[in-house]
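What follows is each chain in one-letter form.
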Amino acid sequence: MAKSEKLEFQTEVSQLLKLMINSVYSEKEVFVRELVSNASDACDKLRYLATTKEKLLQSDPDLKIQIEIDKKENQITITDNGIGMNRDDLVNNLGTIARSGTAQFIKEATETKDLSLIGQFGVGFYSAFMVASDLTVITRKAGEKKLWIWKSDGESNFTIDESDDLEQLNSNRGTKIILSITKEGKEYLEKTRIEEIIRKYSDHISIPIFVRDTKDKEDEKLEAINSALALWTRPKNKITKEQYKEFYNHVGQMFDDPWLTSHYKAEGQIEYTVLNFIPSTKPFDLYDPARENRLKLYVKKVFITDNCPELIPPYLRFLRGVIDSEDLPLNISREMLQNNPVVKKIRNALVRRTIGDLKKKLANDRSSYEEFWSNFGPVIKEGIYEDTEKKDTLLEIALFKNSNSSKLITLDEYIEAMGKKQNDIYFITGDSYNNVINNPSLEGYKSRGINVLILDDAVDSFWTSATPNFKEKNIKSITKGVDDLDSISKKKTDDKNKKEDKSLEPLIVLLKDKLKDKVKDVRTSSRLTESPVCLVVDESAMDPQLEKILQQHNQLQQAASLKILEINPDHKLIKKLAKMCKDKASIGDIENIGILLYEQSMILDGEKPSDPVNFSKKLIDTISASLS
Ligand code: ADP
């Protein structure tokens with residue numbers, strides 16, 4: 001007996017379907033784009049398979065996509081003679097969502113009720129449920145005997161049946177999707193409407209698309225609605241902006257406008273065509289841990305793979321588009337791609353070209369480049385850490401927040417503006433600009449007008465740890481080591497300070513003793529002007545922000561290293577405490593205040609007090625004492 005099964009959708013699919021069916025998402029028409037795109041991918045996959053198994057194409061060699069509208073039955077049928085699916089493919093593809101980041105996407109779209117996110121996500125096959133009450137998928141995998149029927153009404157279940165009636169498909173392979181159109185989807189039962197949608201979204205599809213109304217005469221000769229030419233093979237001046245956008249939306253599964261379009265043919269030792277885009281918005285899975293790229297590799301116009309990590313380094317994973325090589329063999333396998341010298345050359349050239357394009361944009365269109373940087377800057381910075389060869393070039397195109405102005409600056413601009421006596425590039429890391437900009441460690445720099453880069457992306461802690469210099473200037477953390485501010489610009493009160501330093505000695509000894517489990521050292525500092533104390537680390541210590549990130553990800557076994565407490569000799573509280581040291585009876589108070597000062601500087605560093613209960617008790621005691 002033929003097999004029949006009832007299966008449940010993966011939870012994420014059910015959630016996505018609920019979102020879509022209940023949404024008033026106005027652009028329901030995208031279901032045509034999504035189903036045509038899947039049909040075209042299925043034809044591409046078959047064409048690739050047929051490069052080694054010619055038989056698969058022979059009985060039905062002309063790949064095509066057919067759309068049929070039956071107004072009487074309220075049905076739209078989309079048929080392709082591509083690769084088709086077997087039972088396992090149906091279970092894996094039309095019951096689950098393989099795209100990483102889906103769960104996060106659904107959560108965001110549900111919380112924000114921002115349904116435009118659905119468009120950005122690329123709703124895929126399931127978008128058919130925006131206009132259909134029922135879907136039937138009749139499919140047969142190329143080279144296999146069995147035909148399968150998948151059915152669902154978009155609730156929690158779907159069924160899969162095996163069928164002996166092979167006539168249900170006109171070909172010995174491929175997929176037919178039948179949509180039972182709802183009342184709300186009625187407008188799509190018009191041939192002209194479907195043709196209009198195809199022209200809008202799918203003109204670039206390289207497989208011919210035919211649209212037929214069941215009322216049309218059977219023998220009427222149909223013309224393909226699309227131009228069915230691989231877009232990247234056309235001359236640039238024959239391609240409109242709309243066509244580029246439409247292609248980008250399809251190939252990149254991105255639904256914004258491209259920020260940058262790069263279309264060229266490389267001719268020389270190796271030949272290939274590139275049509276690449278940089279999105280103008282962040283793809284939802286940009287920070288997925290897999291860091292995969294989505295570039296599509298073609299060989300002589302035949303799609304080979306969209307899973308080729310060798311084609312571009314992870315720090316350029318936001319690129320979308322197509323590389324079509326003339327030199328690779330058509331039957332190249334995944335394994336062969338891994339150490340292929342042609343792929344390596346293409347990769348190097350792509351990296352060079354992309355960085356070159358970015359450099360030009362930075363020089364010629366700063367405000368637009370800043371938009372790019374806010375989307376992809378943190379990703380590019382991964383390259384500073386990972387690509388030793390390109391590190392300096394990447395640093396040149398990087399933009400930075402800084403303490404002197406609200407404008408983003410390049411390192412070259414930083415160097416150009418620094419005073420004659422300043423030799424180093426200063427930075428401070430932290431989790432957000434607002435937290436960092438008020439950090440007491442910055443005070444001495446601010447008061448002297450010395451600019452400090454504010455690095456608030458997680459990746460900053462990594463690349464700065466591995467990048468000691470840029471153009472012969474040291475890149476230095478201001479929260480590490482002893483400050484050398486006075487060598488750059490001396491404070492007027494310097495001599496007096498020196499004298500007062502001695503008077504601070506008893507206080508320092510006392511604090512060192514009381515805080516000996518909490519800090520490595522206590523010393524005076526010239527980096528403070530308004531705050532009494534701040535915490536810094538040793539020159540050789542790990543960046544505190546990096547230490548925090550590694551600990552959060554359980555990648556660091558040892559406890560956080562002890563910091564150094566620096567005190568401001570000019571601050572009136574410190575002066576008062578120094579005086580109080582002379583009076584033995586005040587020692588207890590000084591110790592309590594010392595602990596309070598230490599704990600509040602932990603808070604300013606974005607940490608919790610080391611002992612919150614004790615901290616709050618001492619705070620209350622101190623306030624009470626000051627009132628009595
Ligand atoms: P995506 O296309 O983003 O992978 P979809 O939900 O649109 O997501 O489709 C899921 C999967 O179902 C596809 O990746 C493909 O493997 C399979 N599929 C969908 N439509 C077809 C088709 N017409 N022919 C063959 N396989 C298909």
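Residues numbered from 1 in each chain as written. Predicted model: local features only at pLDDT ≥ 70, side-chain atom pairs only at ≥ 80, totals over all residues. Heavy atoms only, no water.

(A) Inspection of the overall build of the protein at higher detail. If you tally the helices and strands in the protein, you get 23 helices and 21 strands. Out of the 628 residues belonging to the protein, those deemed buried represent 52%. Partitioning the intrachain contacts of the protein with sequence separation of at least 6 by distance along the chain shows that 73% fall at a separation of at least 24. Looking at the protein as shown, the accessible area adds up to about 30700 Å², and 49% of this sits on carbon and sulfur atoms. Here the protein contributes 95 positive and 102 negative side-chain charges, whose respective centroids are spaced 4 Å apart. (Helix = DSSP H or I, 4+ residues; strand = E, 2+ residues; numbered from the N terminus. Buried < 20%, exposed > 50% of the residue type's maximum accessible area, 1.4 Å probe, protein only. Contact = heavy atoms within 4.5 Å. Areas by Shrake-Rupley, 256 points an atom, 1.4 Å probe, with all protein chains shown as cover. Lys, Arg positive; Asp, Glu negative; His and termini not counted. Charge placed at Lys NZ, Arg CZ, Asp CG, Glu CD.)

(B) Spatial organisation of the side chain of T273. Tracing the backbone through its elements, the reader meets T273 in strand 10 (residues 272-279). On the basis of relative accessibility, which here comes to 11%, the residue T273 falls in the buried class.

(C) Quick peek at a positive patch on the surface. Taken together, the side chains of K575, K576, K579 and K582 define a basic patch exposed on the protein surface. Inspection of the secondary structure assignment puts K575 in helix 21 (residues 572-580). By relative accessible area, which is 34% here, K575 ends up partly exposed. (Patch = residues over 30% accessible without salt bridge, like charges linked within 9 Å, V, L, I, M, F, W, Y side chains within 5 Å. Salt bridge = Lys/Arg side-chain N within 4 Å of Asp/Glu carboxyl O.)

(D) Spotlight on the packing of aromatic side chains. For the structure on display, the rule yields 22 aromatic pairs. Linked through ring pairs, W232, Y244, F247, Y248, F277, Y298 and F303 together constitute an aromatic cluster. When the ring centre of Y201 is taken as reference, the NZ or CZ atom of R33 above it lies at 5.2 Å. Against the face of W259 rests K361, its NZ or CZ located 5.0 Å from the ring centre. (Phe/Tyr/Trp six-rings, centres within 6.5 Å; stacked < 30°, edge-to-face > 60°. Lys NZ or Arg CZ within 6 Å of the ring centre and 35° of its normal.)

(E) View of the packing of helix 22 (residues 587-604) against helix 23 (residues 612-627). Direction vectors running N to C along helix 22 and helix 23 enclose 125°, while the axes themselves pass 10 Å from each other. With respect to their mutual orientation, helix 22 and helix 23 come out oblique. The element helix 22 and its partner helix 23 pack so that their crossing is left-handed. Facing N592, I593, I595, L596, E599, Q600 and I603 of helix 22, the residues of helix 23 in contact are F615, K618, L619 and T622. Taken together, the residues that form the contact of helix 22 with helix 23 break down as six nonpolar, three polar and two charged. (Axes fitted to C-alpha atoms, helices over the stretch in contact; angles between N-to-C directions. Parallel < 35°, antiparallel > 145°, perpendicular 65-115°, else oblique. Left-handed = near helix turned anticlockwise from the far one by under 90°. Nonpolar A, V, L, I, M, F, W, Y, C, P; charged D, E, K, R; others polar.)

(F) Up close: the pattern of salt bridges. Here the structure, examined in full by the defined rule, presents 39 salt bridges. Of the charged contacts in the structure, one is a salt bridge between E382 and R317, with a shortest N-O distance of 2.8 Å. One end of the pair, E382, is in helix 11 (residues 366-386); the other, R317, is in the loop between strand 12 (302-305) and strand 13 (320-325), and 65 residues separate them in sequence. In this structure, E382 and R317 share a single accessibility class: buried. One salt bridge connects R366 with E370, and the closest N-O pair in it is separated by 3.2 Å. Of this pair, R366 and E370 both sit in helix 11, separated by four residues, roughly a single helical turn.

(G) Representation of a nonpolar patch on the surface. Among the surface-exposed residues, L619, I620, I623 and L627 lie close enough to one another that they form a single nonpolar patch of about 400 Å² accessible area. With respect to the helices and strands, I623 occurs in helix 23.

(H) Region of the structure containing the side chain of E547. Counting through the fold element by element, E547 comes out in helix 20 (residues 544-552). Excluding anything up to four places from it in sequence, E547 contacts M542, L556, A560 and S561.

(I) Local environment of the pairing of strand 18 (residues 473-477). Pairing of strand 15 (residues 424-429) with strand 18, which is carried by four bridges, proceeds in the parallel orientation. Bridge pairing in strand 18 links Y426 to K476. Sheet analysis places strand 17 (residues 469-470) next to strand 18, joined by two bridges and oriented antiparallel. Bridge pairing links F470 to K473 in strand 18. Where strand 17 folds back onto strand 18 in an antiparallel hairpin, the turn is made up of two residues, including K471, whose phi is positive at roughly 45°. (Pairing = 2+ DSSP bridges.)

(J) Focus on helix 8 (residues 241-252). In this model, helix 8 (twelve residues) spans 16 Å end to end at C-alpha, consistent with the 16 Å of a helix rising 1.5 Å per residue. Of all twelve residues in helix 8, nine are buried, a share of seventy percent or more. Three or more residues of helix 8 are buried, namely Q243, Y244, E246, F247, Y248, N249, H250, V251 and G252. Along its buried surface, helix 8 packs onto helix 2 (30-50), helix 7 (191-201), strand 9 (258-266), strand 10, strand 11 (296-299) and strand 13. Among the residues trailing helix 8, Q253 stands out with phi positive, at a value near 50°. (Expected span 1.5 Å × (residues − 1).)

(K) Looking closely at the site of the ligand. Within the structure, the ligand sits among twelve residues, and N38, D80, N93, F125 and Q253 are positioned closest to it. Taking N93, its side chain carries an N or O atom lying 3.2 Å from an oxygen atom of the ligand. Residue F125 places a main-chain N or O atom 2.8 Å away from an oxygen atom belonging to the ligand. Alone, the ligand offers 530 Å² of accessible surface; in the complex the protein occludes 81% of this. Per-element accounting of the shell around the ligand gives the leading share, three residues, to helix 2. Looking at side-chain class alone, the shell around the ligand contains four nonpolar, five polar and three charged residues. (Near = heavy atom within 4 Å. Polar contact = N/O pair within 3.5 Å; in protein donor to acceptor, adjacent residues only side chain to side chain.)

(L) Inspection of helix 21 at higher detail. Within helix 21, burial applies to I574, L577 and A578. Angular distribution of buried residues about the axis of helix 21 spans 105°; they occupy a single face of the element. In helix 21, the exposed positions that point more than 90 degrees away from the buried face belong to K572, K576 and K579. (Arc of directions from axis to C-beta.)

(M) The nonpolar core, seen in detail. Counting 70 residues, the largest nonpolar core has I278, F318, I323, Y369, F372 and L453 as the members making the most contacts within it. Broken down by element, this core gets its largest block of residues, nine residues, from helix 10 (residues 341-364). Taken domain by domain, this core gets at least three of its residues from each of domain 2 (232-370) and domain 3 (396-488). Setting aside anything within four residues of it in sequence, one finds L453 in contact with F400, K401, N402, I409, L411, Y414, I425, Y426, F427 and I428. Formed by 60 residues, the second largest nonpolar core is a distinct cluster that contains V131, W150, L189 and I209. (Core = buried A, V, L, I, M, F, W, Y, C linked by side-chain atoms within 4.5 Å. Domains from an automatic or database assignment.)

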